[in-house]
Every structure is written in structure tokens, then in C-alpha cells.
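A closer look at the structure
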Amino acid sequence: MILPAWEIESLETDRDPPPETGSTFAENAEGKARFGREVLARDDVWVLGEDSGLEVDALCGEPGVLSARYDGEGATDEANLRKLLDRLAHQTLGREARYVCELVGFGPGGAEIRATGELRGRIAEAPSGAEGFGYDPVFVPEGEERTVAELGDAWKAEHSHRSHAARAFGRALDA
């Protein structure tokens with residue numbers, strides 16, 4: 001466990017989550033953390049906001065903050081993946097990519113921690129693998145020959161952009 005002393009709970013509310021209107025992952029994560037603080041209406045606990053996505057070099061950083069809705073609002077993972085591969089269909093170079101995760105935490109006494117994690121790799125020409133979600137079937141991490149979806153959930157829990165961000169958050173807490 002990355003934050004073993006923490007008891008992490010999902011925020012339960014009838015309110016709609018804040019829209020992801022930021023131009024960066026950090027702005028969206030901050031908006032989610034502020035929303036969490038507002039919904040909880042208490043400042044004696046940590047509240048975390050997270051945003052993440054995929055940036056592809058050949059597409060000038062797309063899909064970026066639009067990763068979950070790359071093919072439009074309400075798009076499925078399959079539709080987003082198809083659009084990504086269509087955009088890269090004739091691209092042999094520049095398929096380098098990175099998963100990015102931003103965490104923003106607001107803690108007791110006005111404490112604030114920001115942490116970033118990333119996983120570098122490249123986009124495969126065709127999907128492969130059954131585990132994971134989103135772009136995992138086409139994302140091949142640096143040093144690997146298989147996609148994240150082929151490497152599996154256990155590999156992903158240890159090596160993903162989110163796990164890197166959570167470790168960075170933990171180190172910042174200890175500092």
C-alpha cells in the first residue's frame with residue numbers, strides 16, 4: 001500500500017462532480033479537491049483531487065485533458081481509442097506518449113500538496129490485452145514490449161502514472 005496509514009474513502013454526494021474545464025490536469029485535480037472540501041464541509045481531514053490522461057507527441061499532447069472524452073462528451077473507451085488510432089494511422093514516428101497523473105491534496109490547517117506522476121512509453125499500432133481500461137490496450141511502457149493491458153492490473157498497480165503520483169504525494173507528506 002502506498003499510503004498505509006491512510007484510510008481512503010470515496011466522496012459520497014448527490015451533487016454532480018465539478019466539470020473538468022481546466023486547461024491542465026493540475027487545474028482539474030485542484031477543482032476536484034476544492035469540491036471535496038466543500039462537500040465535506042470540514043477541514044480536519046485530507047481531501048484529494050485527481051486528474052489524469054494521455055499525451056501523445058505526434059498529436060501535440062492530445063488527447064490531454066480531454067482523454068476521457070476525446071471522441072466527444074460521453075464517449076466510450078472504445079470510441080476514444082479508435083479516434084486515437086485513426087489520428088495516428090499513418091504516423092510511424094512520434095508515437096511516443098506519456099500517461100500523466102496530477103494529485104492535489106488539501107489538508108488540515110490549510111496544508112496543500114501537489115504531486116505528479118507519469119509513465120512514458122509509445123502507442124502501439126493495434127490494441128492488445130484484456131486488463132486495464134482506456135488507452136491501456138495500446139500503451140507500451142518504456143522498457144516493455146507488451147501493452148499495459150497485457151502486463152496486467154498487478155503490474156499497473158505498481159508502475160502506473162497514478163502509483164507514481166501517489167508515491168510522490170507520500171514523499172511530500174513525509175517531508
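Note that this is a predicted model, so its numbers are computed, not measured.

What follows is about the overall build of the chain. Looking only at helices and strands, one finds 5 helices and 4 strands in the chain. Listing every helix and strand of the chain by position from the N terminus yields α-β-α-β-β-β-α-α-α. For 175 residues, the compact-globule formula gives about 16 Å, and the C-alpha radius of gyration of the chain, at 17 Å, lands near that figure. By its C-alpha atoms, the chain is 50 × 30 × 25 Å across when sized along the principal axes. The buried share of the chain, taken over its 175 residues, is 42%. When contacts within the chain are restricted to residue pairs at least 6 apart in sequence, those whose partners lie at least 24 apart make up 57%. Accessible surface for the chain amounts to roughly 9900 Å². Of this, 48% is attributable to carbon and sulfur atoms. For the chain, the distance from the average position of its 19 positive side-chain charges to the average position of its 35 negative side-chain charges is 2 Å.

According to the stated counting rule, one finds 2 aromatic pairs in the structure shown. Residues tryptophan 46 and phenylalanine 169 carry aromatic rings whose centres are separated by 5.8 Å and whose planes lie at 85° to one another, so their mutual orientation is edge-to-face. Here the residue tryptophan 46 occupies a position in the loop between helix 1 (25-40) and strand 1 (47-56), and phenylalanine 169 occupies one in helix 5 (residues 161-174), the gap between them amounting to 123 residues. Ring geometry for tyrosine 99 versus phenylalanine 139: centroids 4.5 Å apart, planes at 35°, classification tilted. In this pair, tyrosine 99 sits in strand 2 (residues 96-106) while phenylalanine 139 sits in strand 4 (residues 139-141), placing the two residues 40 residues apart along the sequence. Classification of phenylalanine 139 as buried rests on a relative accessible area of 0%. In this structure, lysine 83 packs its charged tip against the face of tyrosine 70, placed 4.6 Å from the ring centre.

Strand order in the open sheet formed by 4 strands is 1-2-3-4, and the pairing between neighbours is antiparallel. At either margin of the open sheet sits one strand with a lone partner, and together these are strand 1 and strand 4. Sheet twist, expressed as the mean angle between neighbouring strand axes with direction ignored, is 35°. In terms of strand pairing, strand 1 meets strand 2 through 10 bridges, oriented antiparallel. Bridge pairing in strand 2 places glycine 53 opposite valine 100. Contacts from helix 5 reach strand 1, strand 2 and strand 3 (112-123) within the one sheet, and its direction differs from that of strand 3 by about 150°.

Sheet topology places strand 2 next to strand 3; 11 bridges connect them, and they run antiparallel. In the strand pairing of strand 3, arginine 98 is matched with arginine 120. The turn joining strand 2 and strand 3, which pair antiparallel and follow one another in sequence, is formed by 5 residues; a positive phi near 70° is taken by glycine 109. Across 3 bridges, strand 3 lies against strand 4 in antiparallel orientation. In the sheet register, arginine 122 faces strand 4, and the bridge partner there is valine 140.

Before going further, it helps to examine the pattern of salt bridges. For the coordinates displayed, the defined rule picks out 16 salt bridges. Here arginine 34 and glutamate 30 are joined by a salt bridge, their closest N and O atoms 2.7 Å apart. Of this pair, arginine 34 and glutamate 30 both sit in helix 1, 4 residues apart, which is roughly one turn of the helix. Look at arginine 34 and you get partly exposed, because its relative accessible area is 46%. Salt-bridge contacts for glutamate 158 lead to arginine 167; the nearest nitrogen and oxygen are separated by 3.3 Å.

Analysis parameters
Residues numbered from 1 in each chain as written. Predicted model: local features only at pLDDT ≥ 70, side-chain atom pairs only at ≥ 80, totals over all residues. Heavy atoms only, no water. Helix = DSSP H or I, 4+ residues; strand = E, 2+ residues; numbered from the N terminus. Rg over C-alpha atoms; globule rule 2.2 N^0.38 Å. Buried < 20%, exposed > 50% of the residue type's maximum accessible area, 1.4 Å probe, protein only. Contact = heavy atoms within 4.5 Å. Areas by Shrake-Rupley, 256 points an atom, 1.4 Å probe, with all protein chains shown as cover. Lys, Arg positive; Asp, Glu negative; His and termini not counted. Charge placed at Lys NZ, Arg CZ, Asp CG, Glu CD. Phe/Tyr/Trp six-rings, centres within 6.5 Å; stacked < 30°, edge-to-face > 60°. Lys NZ or Arg CZ within 6 Å of the ring centre and 35° of its normal. Pairing = 2+ DSSP bridges. Axes fitted to C-alpha atoms, helices over the stretch in contact; angles between N-to-C directions. Salt bridge = Lys/Arg side-chain N within 4 Å of Asp/Glu carboxyl O.

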